[in-house]
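Descriptive structure summary
Each chain is listed here by its residues.
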Amino acid sequence: MTTTPVTIGKVSPQGSKTRIKDVHHQVKITLLFACAFAMLSALSTFINTPAGRWLPLHLFFTGTLLLAISGATQLFSVAWSAAQPPSQILVNIQRGSIIVGSLGLATSRALIWPSSLTAIFGTLLTLGIVFLIYLLHTIHKRAIQRRFRGVYFSYVIALSCGLLGTVFGSLLVEGHITSGYEQLRDAHLIINLWGLIGLIIGATLPSFVATQARMKMSKRATPNMHLYMTSLMLAGLVICVTGTSFSNPLSAVLGMSIYAGGIIGFIFLLPRVGKKQFKWAGPRMFMLLTGAAWWLLSSFILIIQLYQGSIITGTYVVPMLILGAYGQILIGSLAYFAPILTAKTPDMRTKNLQHTRAWPTYFAWNFLTISIVLSLPEIFVIASAIVVTVDIATRFILLVRSTKVVPDKPI
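The following paragraphs examine the structure supplied in this document. (Residues numbered from 1 in each chain as written. Predicted model: local features only at pLDDT ≥ 70, side-chain atom pairs only at ≥ 80, totals over all residues. Heavy atoms only, no water.)

1. Considerations on the overall build of the chain
The test is simple: Helix and strand labels come from DSSP, where a helix needs a run of H or I of at least four residues and a strand needs a run of E of at least two; each type is numbered from the N terminus. Every residue pair with non-hydrogen atoms within 4.5 Å of one another is taken to be in contact.
Helix and strand counts for the chain stand at 14 helices and 0 strands. Along the chain, from the amino end to the carboxyl end, the secondary structure elements read α-α-α-α-α-α-α-α-α-α-α-α-α-α. When its C-alpha atoms are laid out on the principal axes, the chain stretches across 65 × 50 × 45 Å. Sequence separation of at least 24 residues holds for 78% of the intrachain contacts in the chain that already meet a minimum separation of 6.

Quick look at the structure:
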């Protein structure tokens, strides 16, 4: 499939006819790399390196989640605002920066390479985030439907948190921080996990839940409300990170409490999904909403830990957020994206959406999260992981087989 290059800030008549096909092609490749990083992250949990738990967490965050964010934000921006996608070469540069930077950082940290190499790979990763902001800006400039401009500004704010997180990460890796190292490491986690990832999810959910449920967005989800909620959560994060960095529990608790209030605010911006919509979307909808519930719960748990002055790195709140919230939302999103991106006809799309009604994965994934958080016997973790792996692999095979069907008519 050949994409149509589009001059920045201008709309090509030819590109307007193929914009959805072009962005689907771009996103499909990005999400395939995100899935590859997810498998690599899972495998790295069995590898004993000096990096410890950092390695799978890093691969999942910078590889899986950041690539998924790169693809999803561009897809949503193009589709929801009726804009032109960016040119293929710019997308390739952005995607490549994330992939090489993430793999390079993981390898250099695991094998204890010179800090100069680590700095190079960290710079590439940072450039990948900067490129993504630029790509979203070019899409926003071409937007026809302005209702989603609040989502765009929220994305930029969230990605700016990621840039700040890379600064913290650089200070940690380079060893310039001797006192307060653990506090800065916690601040690094908070600004990346609750900031970059959390704010992207919050800004996306009102529109994406409506898309999954095949209904209109809530009238409450206006561009201004998106911006208010994101700004509120950003203010909370700044207060929380500042309090964490300077060992001030009260400021940290206040900031995270404000952030949690923003999560509740975004939940109120969701459309009122009824029985008909739940029946249609099935486990995909439950994964999104249950993931949001884990996100809110992990924020409340973090508030308790911050109040106690505990170091959060290595505690159960991080796997609770990664697995229960973000991992589950990612699976629910891919269960929607995969049928849409692989279907060649409307009938095939409907059939593929049936293939990804993964109830076994939904229940097993949540049980896996509970097992890890509560430190249940390892047999429960293994059993639930096997169920998830077999169920996802089976549905992936069904999707691959469906793509080999010759379509009667194009979508």
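Anyway, onward from the coordinates.
2. Details of the nonpolar core
Inclusion rule: To define a nonpolar core, start from buried Ala, Val, Leu, Ile, Met, Phe, Trp, Tyr and Cys residues and group those joined through side-chain atoms within 4.5 Å. For each residue, the accessible area found with a 1.4 Å probe, counting protein chains only, is set against the maximum for its type, and the residue is called buried under 20%, exposed over 50%, and partly exposed in between.
Ranked by size, the top nonpolar core spans 105 residues in total, and within it Trp194, Tyr259, Trp295 and Tyr326 carry the most contacts. Excluding residues that lie within four positions of it along the chain, Tyr259 makes contacts with Trp194, Gly198, Leu199, Met233, Gly236, Leu237, Trp295, Ser299 and Tyr326. Grouped together as the second largest cluster of nonpolar side chains are 9 residues, Leu323, Trp365, Leu368 and Val388 included.

3. Some details on the packing of aromatic side chains
How two aromatic rings sit relative to each other is set out by the distance from centre to centre and by the angle between their planes. Where we set the bar: Between rings of Phe, Tyr and Trp, where Trp is taken as its six-membered ring, a pair exists when centres lie within 6.5 Å; planes separated by under 30 degrees are stacked, by over 60 edge-to-face, and by other angles tilted. Two limits define a charge over a ring: the Lys NZ or Arg CZ must be within 6 Å of the ring centre, and within 35 degrees of the ring normal.
Under the defined criterion, the tally for this structure stands at 16 aromatic pairs. Aromatic ring contacts, followed pair by pair, group Phe76, Trp80, Phe148, Phe208, Tyr336 and Phe337 into a single cluster. Directly above the aromatic system of Trp54 lies the positively charged group of Arg109, at a separation of 4.6 Å from the ring centroid.

4. Comments concerning the environment of Leu125
For Leu125, the location among the structural elements is in helix α4 (residues 115–141). Separated by 22 residues in sequence, Leu125 and Leu103 place their C-alpha atoms 9.6 Å apart. What Leu125 contacts, discounting residues up to four positions off in sequence, is Thr62, Leu66, Ser97, Ile98, Gly101, Ser102 and Leu105.

5. Quick look at the packing of helix α6 (residues 181–213) against helix α10 (residues 283–308)
Put simply, the rule reads: Convention adopted: a line fitted to C-alpha atoms gives each axis, helices being fitted over their contacting stretch, and angles between N-to-C directions are expressed from 0 to 180 degrees. Roughly parallel means an angle under 35 degrees; roughly antiparallel means over 145; roughly perpendicular covers 65 to 115; every other angle is labelled oblique. Crossing handedness: left-handed means the near helix sits turned counterclockwise from the far one by under a right angle, and right-handed means the same turn made clockwise. Each residue is assigned to one of three groups, with Ala, Val, Leu, Ile, Met, Phe, Trp, Tyr, Cys and Pro labelled nonpolar, Asp, Glu, Lys and Arg labelled charged, and all others, Gly among them, labelled polar.
Remark: α6 packs on α10, axes separated minimally by 11 Å, with the N-to-C direction vectors making an angle of 150 degrees. One way to sum up the angle between α6 and α10 is to call them roughly antiparallel. As α6 runs across α10, the sense of the crossing is left-handed. Contacts between α6 and α10 involve Ile190, Trp194, Gly198, Ile201, Gly202, Leu205, Phe208, Val209, Gln212 and Ala213 on the former and, on the latter, Arg284, Met285, Leu288, Ala292, Trp295, Ser298, Ser299 and Leu302. When the residues that make up the contact of α6 with α10 are grouped by side-chain class, the tally is 12 nonpolar, 5 polar and 1 charged.

6. Re unusual backbone geometry
Of all residues except glycine, most have a negative phi; of all peptide bonds, most are trans. If you check the backbone angles, Ile112 has positive phi at about 55 degrees while not being a glycine. Inspection of the secondary structure puts Ile112 in the loop between α3 (88–110) and α4. With relative accessibility at 62%, the residue Ile112 sits in the exposed group. Of note in the backbone geometry, Ser375 takes a positive phi value of approximately 55 degrees without being a glycine. Inspection of the secondary structure assignment puts Ser375 in the loop between α13 (359–373) and α14 (378–403). Residue classification places Ser375 among the exposed positions, given a relative accessible area of 63%.

7. Structural notes on the side chain of Ser207
Looking at where Ser207 falls in the secondary structure, it is placed in helix α6. For Ser207, a relative accessible area of 3% gives the class buried. Those residues within four positions of Ser207 in sequence are excluded, and the remaining contacts are Trp80, Phe148, Val151 and Met217.

8. Remarks on the environment of Asn224
Along the chain, the position of Asn224 falls in helix α7 (residues 223–245). With relative accessibility at 45%, the residue Asn224 sits in the partly exposed group. With 92 residues separating them in the primary sequence, Asn224 and Leu132 have C-alpha atoms 23 Å apart.

9. Focus on the environment of Thr389
Quick reminder of the rule: Under this definition, polar contacts are N or O atom pairs within 3.5 Å; protein pairs additionally need one hydrogen-donor-capable and one acceptor-capable atom, and for neighbouring residues in sequence, both atoms have to be side-chain atoms.
With respect to the secondary-structure elements, Thr389 resides in helix α14. Once the C-alpha coordinates of Thr389 and Leu227 are considered, the two residues, 162 residues apart in sequence, prove to be 38 Å apart. Side-chain polar atoms of Thr389 contact the backbone oxygen of Ala385, separated by 2.8 Å.

10. Structural notes on helix α12 (residues 346–355)
Stated formally: In this description, one arc is meant: the one made by directions from the helix axis to the C-beta atoms.
Regarding α12, the residues found buried are Met348, Asn352, Leu353 and His355. What you see down the axis of α12 is that its buried residues fit within an arc of 145 degrees, all on one side. Along α12, exposed side chains directed more than 90 degrees from the buried face belong to Asp347 and Lys351. Where α12 is buried, its residues touch α9 (275–281), α10, α11 (317–342) and α14.

11. Describing a nonpolar patch on the surface
Going by this rule: Patch membership needs two things, relative accessible area over 30% and no salt bridge, and members are linked within 9 Å if like-charged or within 5 Å if nonpolar (Val, Leu, Ile, Met, Phe, Trp, Tyr). Per-residue and other accessible areas follow the Shrake-Rupley method at a 1.4 Å probe size, with only the shown protein chains counted as cover for residues. Definition used for salt bridges: Asp or Glu carboxyl oxygen within 4 Å of a side-chain nitrogen of Lys or Arg.
A cluster of nonpolar residues, Leu111, Trp113, Leu117 and Ile120, forms a patch on the protein surface that exposes about 370 Å² of accessible area. Tracing the backbone shows Trp113 in the loop between α3 and α4. A relative accessible area of 35% places Trp113 in the partly exposed class.

12. Focus on the packing of α10 against α11
Between α10 and α11, whose axes approach to 8 Å, the crossing angle comes to 160 degrees. When the axis of α10 is compared with that of α11, the two are roughly antiparallel. For the pair α10 and α11, the sense of crossing is left-handed. Taken together, the residues that form the contact of α10 with α11 break down as 17 nonpolar, 8 polar and 1 charged.

These results come straight from atomic positions and should not be treated as a statement about function.
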